[in-house]
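Below, each chain spelled out in residue letters.
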Amino acid sequence: MINQKMYQLGASPSKIRDLFEYGNRRKAEIGADKVYDFSIGNPSVEPPVKVREVIEDLLANTNAVSLHGYTSAPGDPAVREAICNYVNRTHGTSLTKDNFYMTCGAAASLEISLRALCEEGDEFLTFAPFFPEYRVFAEAAGGSFDTVLCDPESFQPDIEDLRNKLSKNTKAIIVNSPNNPSGAVISEENVVKLCDVLREKSAEYGHPIILIADEPYRELVYDDVKVPFLMNYYNDTIVCYSYSKSLSLPGERIGYIAVSDKMTDSKDVFLAVCGAGRSLGYVCAPSLMQRVVAQCQGMTSDVSVYKENRDILANALREYGFTVVQPDGAFYLFVKAPEPDAEKFAEKAKEFELLLVPSDSFGVPGYVRISYCVSTEMIKNSLPAFEKLAESYGL
Ligand code: PLP
């Protein structure tokens, strides 16, 4: 009567969601301020003031019927033009609005892109650790899914493993930098090497291997770290962008797909994106939010709060004896579990009311992910619990 694959997906929610729900129950039992919930990647910094101003202005001064009405299927042309102009100005690209398709965030951008590309027998790759929904999206699109290693210290991509894993069946590789969950940003040197291998293997197999850049954390970087814009390094690139994190609008579901104008059969790929959006029922991303983001190009929520959180937490955890991957971007800290089984470590952490996500579902065992997009006060209050956790392992 029902599709068993869909039933399984619905009946076994992600570990992250599970822990988040546990946290809500625990907060009701002992009080919200006593539970240190680091489970979910919900931005804790308000959107820039301009977001509210634009919403208020649009509501006050735009005809409500057109403001809330359907836009054209790939998005309002003026919105796509505004985003396109910003991307061209910022990255020196030569895109047109017809390379842009508005979506309900990065999740929709990814699923549309994978569906647009996937043919029978295709495989999608990504570097581990990775956002666990990639597997769900790749399999839902009809493809298979496999992972490529990263260096265990720096979490930069292992280019030799990439060379070995690419096969004639590889349709695309999803690259997520800044990365959820490691916080690593792929260096320009490694971007160049990665793209060289993709070019070499595309030539060997006689078809382009596509690079899908999943970029919800593009602007969330610290110090002087630069995130190379992958379209400028590799022609066969599709960018999946989202405003969920950069403008702190995850619940508003807004983002876009940009298909490089330089990609092989670019116009056909864009039409396949339109077709995939149509087949999924994802046409016409939320109209009001399209207009909002068009006027907030180049703005970002206050990243200095995340940087402060990162510094307080990473320094304290190192002091307590934990091994911490230094994040250059996003808002996650990847911490080595002091015992081989990260699930057991996360269970132990719960005894100190610390909710940490074990890394198994991210494709790299032995770590926990700490989402530090929470209040700085909570970070500070949680430190004694981390210290006790460390002591319980004799660190
Ligand atoms: N990709 C990565 C790496 C993410 O971390 C997330 C959300 O946390 C998404 C995609 C989905 O983002 P969105 O809320 O824009 O759908």
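For the structure, see preceding data.
Residues numbered from 1 in each chain as written. Predicted model: local features only at pLDDT ≥ 70, side-chain atom pairs only at ≥ 80, totals over all residues. Heavy atoms only, no water.

All buried positions along helix H13 (residues 342-350) are accounted for by Ala342, Phe345, Ala346, Ala349 and Lys350. For H13, the buried positions fall inside an angular range of 150° around the axis, keeping them on one side. Where H13 is buried, its residues touch helix H2 (15-30), strand S11 (354-355), strand S12 (357-358), strand S13 (367-371) and helix H14 (376-392). Sitting at the amino-terminal end of H13 is Asp341, which places a side-chain oxygen 2.9 Å from the backbone nitrogen of Glu343. (Buried < 20%, exposed > 50% of the residue type's maximum accessible area, 1.4 Å probe, protein only. Helix = DSSP H or I, 4+ residues; strand = E, 2+ residues; numbered from the N terminus. Arc of directions from axis to C-beta. Contact = heavy atoms within 4.5 Å. Polar contact = N/O pair within 3.5 Å; in protein donor to acceptor, adjacent residues only side chain to side chain.)

It is worth spelling out the nonpolar core at this point. Of all hydrophobic cores here, the largest spans 89 residues; its most connected members are Ile83, Leu194, Leu211, Ile212 and Tyr256. Counting residues in each nonpolar core, the second largest holds 40 residues, with Tyr332, Ala342, Ile379 and Ala385 among its members. (Core = buried A, V, L, I, M, F, W, Y, C linked by side-chain atoms within 4.5 Å.)

Packed helices, taken two at a time, are described by the angle between their axes plus the distance between the axes. Relative orientation of the contacting elements helix H3 (residues 49-61) and helix H11 (residues 287-294) amounts to 125°, with a least axis distance of 9 Å. One way to sum up the angle between H3 and H11 is to call them oblique. Our pair here, H3 against H11, has a crossing hand that is right-handed. Residue-level contacts link Val51, Val54, Ile55 and Leu58 of H3 to Leu288, Met289, Arg291 and Val292 of H11. Its residues placed into classes, the contact of H3 with H11 shows seven nonpolar, no polar and one charged. (Axes fitted to C-alpha atoms, helices over the stretch in contact; angles between N-to-C directions. Parallel < 35°, antiparallel > 145°, perpendicular 65-115°, else oblique. Left-handed = near helix turned anticlockwise from the far one by under 90°. Nonpolar A, V, L, I, M, F, W, Y, C, P; charged D, E, K, R; others polar.)

Summarising burial for strand S10 (residues 332-336): four of the five residues are buried, a large majority. Judged from the two bridges that link them, strand S9 (residues 324-325) and S10 form a sheet pairing that is antiparallel. Note that in S10 the partner of Val325 across the bridge is Phe334. Where S9 folds back onto S10 in an antiparallel hairpin, the turn is made up of six residues, including Ala330, whose phi is positive at roughly 60°. Sheet analysis places S10 next to S13, joined by five bridges and oriented antiparallel. Looking across to S13, one finds that Leu333 is bridged to Ile370. (Pairing = 2+ DSSP bridges.)

For the coordinates displayed, the defined rule picks out 24 salt bridges. Put simply, Asp161 and Lys165 hold a salt bridge, and the shortest N to O gap is 3.0 Å. With Asp161 and Lys165 both in helix H8 (residues 159-165), this residue pair falls four residues apart, about one helical turn. Using a relative accessible area of 12% as the deciding quantity, one classes Asp161 as buried. Between Lys193 and Glu189 there is a salt bridge; the shortest N-O distance is 3.5 Å. With Lys193 and Glu189 both in helix H9 (residues 188-205) and four residues apart, this pair spans about one turn of that helix. (Salt bridge = Lys/Arg side-chain N within 4 Å of Asp/Glu carboxyl O.)

Another point: the environment of Arg278. Inspection of the secondary structure puts Arg278 in helix H10 (residues 266-280). Taking the C-alpha atoms as reference points, Arg278 and Pro74, separated by 204 residues in sequence, lie 9.4 Å from one another. In this structure, Arg278 is in contact with Tyr101 and Val283, ignoring residues within four places of it in sequence.

Moving on, we get to the site of the ligand. Around the ligand lies a shell of 14 residues, among which Ala106, Asp214, Tyr217, Ser242 and Arg253 are the nearest. In this structure, Tyr217 approaches the ligand through a side-chain N or O atom, which is 2.7 Å from an oxygen atom. Ser244 is positioned such that a nitrogen or oxygen atom in its side chain is 2.9 Å from an oxygen atom of the ligand. The element contributing the most residues to the shell around the ligand is helix H6 (residues 105-117), with three residues. Grouping the constituent residues of the shell around the ligand by class yields six nonpolar, five polar and three charged. (Near = heavy atom within 4 Å.)

Purely spatial values, then, with no claim about function.
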